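# Topology and contacts: notes
For reference, the chains in residue letters:
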Amino acid sequence: MKLATRHWDRHKNGGLSFTELGFGTAPFGNLYTAIDDAEARAILECAWGSGVRYFDTAPLYGFGLAETRLGAFLRNRPRDSFTLSSKVGRLLRATTPDRRDGIGKWFDVPSRREIYDYGYDGVLRSLEFSLERLGLDRIDILYAHDLDVFNHGSRKNLDARLREFMQGGYRALLRLRDEGVIHAFGAGVNEWEPAEWLAERGDFDIFLLAGRYTLLEQRAAQSFLPLCRRRGIGLTIGGPYNSGILASGPRAGAYYNYAPAPAETIERVTRIDAICARHGVRMIDAAFQFPLRESAVLSVMPGGQSVDQMNDNLQASRADIPAALWQELKAAGLLEHDND
């Protein structure tokens, strides 16, 4: 069964195609646990053989490891047969193993320190380094990475980074798009509010929103999604399972937003899970399919650190969800927003 695709052509110049199931490569940077090159290759082979053709990566993921692994896999495939995105906003600096960043989060990775740089030259250098690690001749989409409070610690710090980006990196991305070096650009963030702020102040094409438009939370639909529809801005969705709880279910130790889920989140997921069960639907399937009900959404990227997880994502992407499920969730007050 062929994977569904969505086409985006904001500039009327041919546009880009996205498989509704995209491939996020953070796990390939050995996030939380290490996988070897052979296992990474097997997961990519599974994804490619199943029809996945949108791949997202970033310098941060394993401090270059994810880009290196992905590039080695894609290098001999026809370049026009897939869509590729990476990110800017961090430069990597070599250091000693004991002083590297990400200890306890990224395992068996190069010894690097991450240096935030959203300036004009920093964006151009980041693109150059990413192309070198990937071994490819172009990247289709560049996202300014992690312009959010979650990563910068306070609104004051974020405001400073947003100013740095709009005065520097944004101009570099405009130039790269105008010159045809990239096809599109936007931001990859963990909060919808900075994405809305950016969309109101610049000519952005596409945003990667991680964990903030899901079966569990839809506040982005109040103002940000309508803005995207009006401007023809595309959305790709990362973290559709909210760090795992929508896949694992409301069990003890379930994770939400990269931390153990609080009691109120477990209670809400328990109610969602019960309604899914009444309709004979796996909650993971409903969680994958929910964002795709929004017309601005182009692709959903759950990530996968094993072939079994990749197959679970494939099953979820092909699931047929009855309309009655969405209706019952809405009636129960478990959907803050729904397109029906």
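Residues numbered from 1 in each chain as written. Predicted model: local features only at pLDDT ≥ 70, side-chain atom pairs only at ≥ 80, totals over all residues. Heavy atoms only, no water.

## Considering the nonpolar core
Inclusion rule: Take the buried residues of types Ala, Val, Leu, Ile, Met, Phe, Trp, Tyr and Cys, join any two whose side-chain atoms come within 4.5 Å, and each joined set is a nonpolar core. Partly exposed residues are those whose accessible area sits between 20% and 50% of the maximum for their type, while under 20% is buried and over 50% is exposed, using a 1.4 Å probe and protein chains only. Whether two residues are in contact is decided by their heavy atoms, any of which lying within 4.5 Å being enough.
Among the nonpolar cores identified, the biggest contains 100 residues, and Phe55, Phe165, Phe207, Leu215 and Phe224 are the most heavily contacted of them. When neighbours within four sequence positions are excluded, Phe165 is seen to be in contact with Tyr118, Ala144, Leu147, Tyr170, Leu173, Leu198 and Phe204. Counting residues in each nonpolar core, the second largest holds eleven residues, with Tyr54, Leu208, Leu298 and Met301 among its members.

## Some points on the environment of Gly153
Stated precisely, the cut-off is as follows: Under the scheme used here, helices are H or I runs from DSSP no shorter than 4 residues and strands are E runs no shorter than 2 residues, and both carry numbers assigned from the N terminus.
Tracing the sequence through the fold places Gly153 in the loop between α4 (149-152) and α5 (155-178). Classification of Gly153 by relative accessible area gives exposed; the value is 60%. Taking C-alpha positions, Gly153 is 17 Å from Phe165, a pair spaced twelve residues apart along the chain.

## Observations regarding unusual backbone geometry
Positive phi, close to 50 degrees, is recorded for Phe63, a residue that is not glycine. By the element assignment, Phe63 lies in the loop between β4 (54-56) and α2 (65-74). Judged by relative accessible area, which is 2%, Phe63 ranks as buried. Despite not being glycine, Ser243 shows a phi value in the positive range, around 70 degrees. With respect to the secondary-structure elements, Ser243 resides in the loop between β11 (234-238) and α8 (245-248). Given a relative accessible area of 32%, Ser243 falls into the partly exposed group.

## Here we look at a positive patch on the surface
Where we set the bar: Exposure above 30% relative accessible area and no salt bridge define the residues that can form patches, which grow by joining like charges within 9 Å and nonpolar side chains of Val, Leu, Ile, Met, Phe, Trp and Tyr within 5 Å. Using the Shrake-Rupley algorithm and a 1.4 Å probe, accessible areas are obtained, with residue cover drawn only from the displayed protein chains. When a carboxyl oxygen of Asp or Glu is within 4 Å of a side-chain nitrogen of Lys or Arg, the pair counts as a salt bridge. Counting rule applied: Lys, Arg positive; Asp, Glu negative; His and chain ends not counted. Charge placement uses NZ in Lys and CZ in Arg. For Asp and Glu, CG and CD serve respectively.
A cluster of basic residues, Arg93, Arg99, Arg113 and Arg125, forms a positive patch on the protein surface. Tracing the sequence through the fold places Arg125 in helix α3 (residues 120-134). For Arg125, a relative accessible area of 42% gives the class partly exposed.

## Observations regarding the sheet that holds strand β10 (residues 206-210)
Stated formally: Pairing between strands requires that DSSP locate at least two bridges from one strand to the other.
Strand order in the open sheet formed by eight strands is β3-β4-β5-β8-β9-β10-β11-β14, with parallel pairing between adjacent strands. The open sheet is flanked by β3 (23-24) and β14 (297-301), the only strands paired with a single partner. Sheet topology places β4 next to strand β5 (residues 83-88); three bridges connect them, and they run parallel. Each residue of the ladder has a partner; that of Phe55, found in β5, is Leu84.

## Quick word on the side chain of Ser111
Tracing the sequence through the fold places Ser111 in the loop between β6 (90-94) and β7 (112-116). Residue class for Ser111 comes out buried when judged on its relative accessible area of 16%. Excluding its chain neighbours within four sequence positions, the residues that come into contact with Ser111 are Arg93, Ala94, Thr95, Thr96, Pro97 and Arg100.

## Re the packing of aromatic side chains
Heads up, the rule is: Note on aromatic contacts: the rings of Phe and Tyr and the six-membered ring of Trp form a pair at centre separations within 6.5 Å, being stacked when their planes are under 30 degrees apart, edge-to-face when over 60 apart, and tilted otherwise.
Within the structure shown, the criterion is met by 20 aromatic pairs. Measuring from ring centre to ring centre gives 5.8 Å for Phe23 and Phe55, while their planes differ by 40 degrees; the resulting arrangement is tilted. Of this pair, Phe23 sits in strand β3 while Phe55 sits in strand β4; the two residues are 32 residues apart in sequence, bridging distant segments of the chain. Ring geometry for Trp48 and Phe73: centres 6.2 Å apart, planes at 70 degrees, overall edge-to-face. Residue Trp48 is located in helix α1 (residues 37-49), and its partner Phe73 is located in helix α2; the two are separated by 25 residues in the primary sequence. Accessibility assignment for this pair places Trp48 and Phe73 in one class, buried.

## Overview of the environment of Leu298
One can find Leu298 in strand β14. Residue classification places Leu298 among the buried residues on the basis of a relative accessible area of 5%. When the C-alpha positions of Leu298 and Phe224 are compared, they lie 16 Å apart, and in sequence the two are 74 residues distant. Dropping the residues within four chain positions of it, Leu298 is found in contact with Arg6, His7, Trp8, Phe18, Thr19, Glu20, Ile206, Gly234 and Leu235.

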